[in-house]
Amino acid sequence: MKQTDDHHVAALDRLADQLRVVMRLGEMLLSAGASAFRVKDGMDRIAHAVGIDKISIQVTYTEITATAFAGGTFRTELVEQRVMGINAERIDDLNDFVHNLPGKMLVEDADDMLDAFANKDPLYSMPVSALASGVACAGFAFLNQGGWVECLVVFFAALAGQATRKTLLRRHMNHFALWMACGFVATSLYMGIVSVFQIADIVDASHQSGVVSSVLFLVPGFPLVTSILDLIRQDYIAGIARGVYVVMLLISTAASVWAVTGLLNWNVNPSADGYHLNTWLLLLGRILASFVAAYGFAMLFNVCLCLVVLAAILAFGRQMMGKLHRSRHRHGHQRSPTHRPGRRARTDVGHRTGGVPSGASRRSGRQVDEVFEGDAFRSGRCRDDPRRPALPRTVSAQ
């Protein structure tokens, strides 16, 4: 009896160690911004590698609950994380790790590997991240019809806003208050610089709308896409919770911009284009701006350099395809659908009278190129009115 109890206690202790490393992997994936499916898949793979027979996992946006079965016993644990950040490099590293696991693995070896991933520094420091944010938002300012004034001021406003965000994130500040603070910093700085330019009579009052581009670094694009993926994969609890988080961040950003611009009575609607370029210069500028914007925003998510370049190339290709599509669409509208090269488009009077030519038209065989309307009908100069029913012909006696 005592040996049975000792065996049961040993099995429980071993299962506790096994489940601990599984939960640690899931927590690291969830805090890096991975989807619920990726979290469950990674946990399931490492669970079987460390000797767990079966595991059931429930993932929300901030919590993971798992029940593991092994050695004739089971154990349930719950972990909670409140980091809610984005670290694309960590997601890729952990994903490669779990997809290349051996058939059997010691818990200690798995712990050592996870320690290496946890202690890995971000690819980009705070100054580099802030610089990337400024350049990316400036690129979007150009795509939003902003001129050199908007692009220049947006660069400094977004740079300061991103630096503020990175500083406050280290203090584990509430994200909604943090987003409002960063939006206030970026918006106020943009408005302040443009106001100084206006007072110095360097620019006019047509550059106020660029303030919107200065807060684009606060748009939570990564968690928005992840939320959609969760919903598509039917992980509704995680997807809905992540979607609500995205909506709250957008509301926080919009509230800060609305408060500052409304207080100073700024008009955020564009009043005029910031540039007037010919077709090829405009295309070149948009391609370069798309490349820079995609490159910079990918760096904000701590994406490795090769994927950053790939994202920029995809943005470049998207801009080229959009240009070709618009060009084909414009040329298609310039050509009349009834036009045939080498032939003159003519309209027969008989066609306008339901296919039965009138008497005058039948006698003369004339073809006309005009449209009968307006005073011609009212004055009676056009006897063959297509909008009037055909009258029976009468023959008078001679």
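Residues numbered from 1 in each chain as written. Predicted model: local features only at pLDDT ≥ 70, side-chain atom pairs only at ≥ 80, totals over all residues. Heavy atoms only, no water.

**Looking at the overall build of the chain**
So, step 1. Looking only at helices and strands, one finds 14 helices and three strands in the chain.
So, step 2. The buried share of the chain, reckoned over its 398 residues, is 41%.
So, step 3. About 23,300 Å² of surface is accessible on the chain, with carbon and sulfur atoms providing 60% of the total. (Helix = DSSP H or I, 4+ residues; strand = E, 2+ residues; numbered from the N terminus. Buried < 20%, exposed > 50% of the residue type's maximum accessible area, 1.4 Å probe, protein only. Areas by Shrake-Rupley, 256 points an atom, 1.4 Å probe, with all protein chains shown as cover.)

**Side note on the pairing of strand β2 (residues 63–70)**
When a strand is regular, its side chains alternate between the sheet's two faces.
So, step 1. As paired elements, strand β1 (residues 54–59) and β2 share six bridges and run antiparallel to each other. Within β2, the residue paired with V59 across the bridge is I64.
So, step 2. The hairpin formed by β1 and β2 contains three residues between the paired strands.
So, step 3. Sheet topology places β2 next to strand β3 (residues 73–80); eight bridges connect them, and they run antiparallel. Following the sheet pairing, T67 is matched in β3 by T76.
So, step 4. With antiparallel pairing between neighbouring strands as the criterion, β2 and β3 make up a hairpin whose turn holds two residues, including G71 at a positive phi of roughly 60°. (Pairing = 2+ DSSP bridges.)

**Observations concerning the packing of helix α7 (residues 175–199) against helix α9 (residues 236–263)**
Each pair of packed helices can be summarised by the angle the axes make with each other and by the distance between the axes.
So, step 1. Relative orientation of the contacting elements α7 and α9 amounts to 35°, with a least axis distance of 8 Å. Relative to α9, the crossing made by α7 is right-handed. Contacts from H175, F176, W179, M180, G183, F184, T187, S188 and M191 of α7 reach α9 at Y245, M248, L249, S252, T253, A255, S256, V257, V260 and T261.
So, step 2. Among the residues making up the contact of α7 with α9, the classes are represented as eleven nonpolar, eight polar and no charged. (Axes fitted to C-alpha atoms, helices over the stretch in contact; angles between N-to-C directions. Left-handed = near helix turned anticlockwise from the far one by under 90°. Contact = heavy atoms within 4.5 Å. Nonpolar A, V, L, I, M, F, W, Y, C, P; charged D, E, K, R; others polar.)

**Considering a nonpolar patch on the surface**
So, step 1. Together, L231, Y236, I240, V244, V247, M248 and I251 give the surface a local cluster of nonpolar side chains, amounting to about 620 Å² of exposed area.
So, step 2. Looking at which element gives the most residues to the nonpolar patch, the answer is α9, with six residues.
So, step 3. Inspection of the secondary structure assignment puts L231 in helix α8 (residues 221–232).
So, step 4. You can call L231 partly exposed: its relative accessible area is 33%. (Patch = residues over 30% accessible without salt bridge, like charges linked within 9 Å, V, L, I, M, F, W, Y side chains within 5 Å. Salt bridge = Lys/Arg side-chain N within 4 Å of Asp/Glu carboxyl O.)

**Thoughts on the environment of G161**
So, step 1. Topologically, G161 is positioned in helix α6 (residues 148–169).
So, step 2. For the pair G161 and A186, spaced 25 residues apart in sequence, the C-alpha separation works out to 4.9 Å.
So, step 3. Ignoring any residue separated from it by four or fewer positions in sequence, one finds G161 in contact with C182, V185 and F217.

**Concerning the sheet that holds β2**
So, step 1. Reading across from one edge, β1-β2-β3 is the order of the three strands in this open sheet, with antiparallel pairing throughout. Of all strands in the sheet, those with a lone pairing partner are β1 and β3, marking the two edges. The mean inter-strand angle of the sheet, taken between neighbouring strand axes irrespective of direction, is 10°.
So, step 2. Its contacts with the sheet place helix α2 (residues 36–49) against β1 and β2, and it is angled at close to 160° to β1.

**Quick word on the pattern of salt bridges**
So, step 1. Summed over all chains, the structure comprises ten salt bridges.
So, step 2. Across the pair D41 and R45 runs a salt bridge, and its minimum N-O distance is 3.0 Å. Residue D41 and its partner R45 are both found in helix α2; the two are separated by four residues, about one turn of the helix.
So, step 3. Under the relative-accessibility criterion, D41 is labelled partly exposed at 22%.
So, step 4. Residue R45 is classed as partly exposed on the basis of its relative accessible area, which comes to 34%.
So, step 5. With a closest N to O distance of 2.7 Å, R82 and E80 form a salt bridge.
So, step 6. Connected via shared salt-bridge partners are R20, R24, D111 and D115.

**Some points on the side chain of R90**
So, step 1. You can see R90 is positioned in helix α3 (residues 88–99).
So, step 2. Despite its burial, R90 pairs with no opposite charge, the nearest such side chain being D93 at 7.1 Å.
So, step 3. Setting aside residues up to four positions removed in sequence, R90 forms contacts with M28, A32, F117, A118 and K120. (Lys, Arg positive; Asp, Glu negative; His and termini not counted.)

**Let's talk about the confidence of the model for the chain**
So, step 1. Looking at the chain, pLDDT values average 80 and 73% of them are 70 or higher.
So, step 2. Contacts from residues 335–398, a stretch scored under 50 in pLDDT, to residues over four places away or in other chains number 37 contacts. (pLDDT = per-residue confidence, 0-100.)

**Here we look at the side chain of S133**
So, step 1. In this fold, S133 is placed in helix α5 (residues 126–143).
So, step 2. For S133, a relative accessible area of 0% gives the class buried.
So, step 3. When sequence neighbours within four positions are dropped, the list of residues in contact with S133 reads A158, Q162, F217 and L300.

**Notes on empty space enclosed by the protein**
So, step 1. Scanning the model with the defined rule gives two cavities of 30 Å³ or more in all.
So, step 2. For the largest cavity, the calculated volume is near 50 Å³.
So, step 3. The wall of the largest cavity is formed by N87, E89, R90, D93, F117, K120, D121, P122 and N302.
So, step 4. Per element, the largest residue contribution to the lining of the largest cavity is three residues, and it comes from α3.
So, step 5. Grouping the constituent residues of the lining of the largest cavity by class yields two nonpolar, two polar and five charged.
So, step 6. One number sums up the size of the second largest cavity: a volume of about 30 Å³. (1 Å grid on protein atoms, 1.4 Å probe; cavity = no way out; pocket = protein on both sides within 12 Å on 5 of 7 lines; lining within 4 Å. Points joined across faces, edges and corners; volume = space filled by probe spheres on them.)

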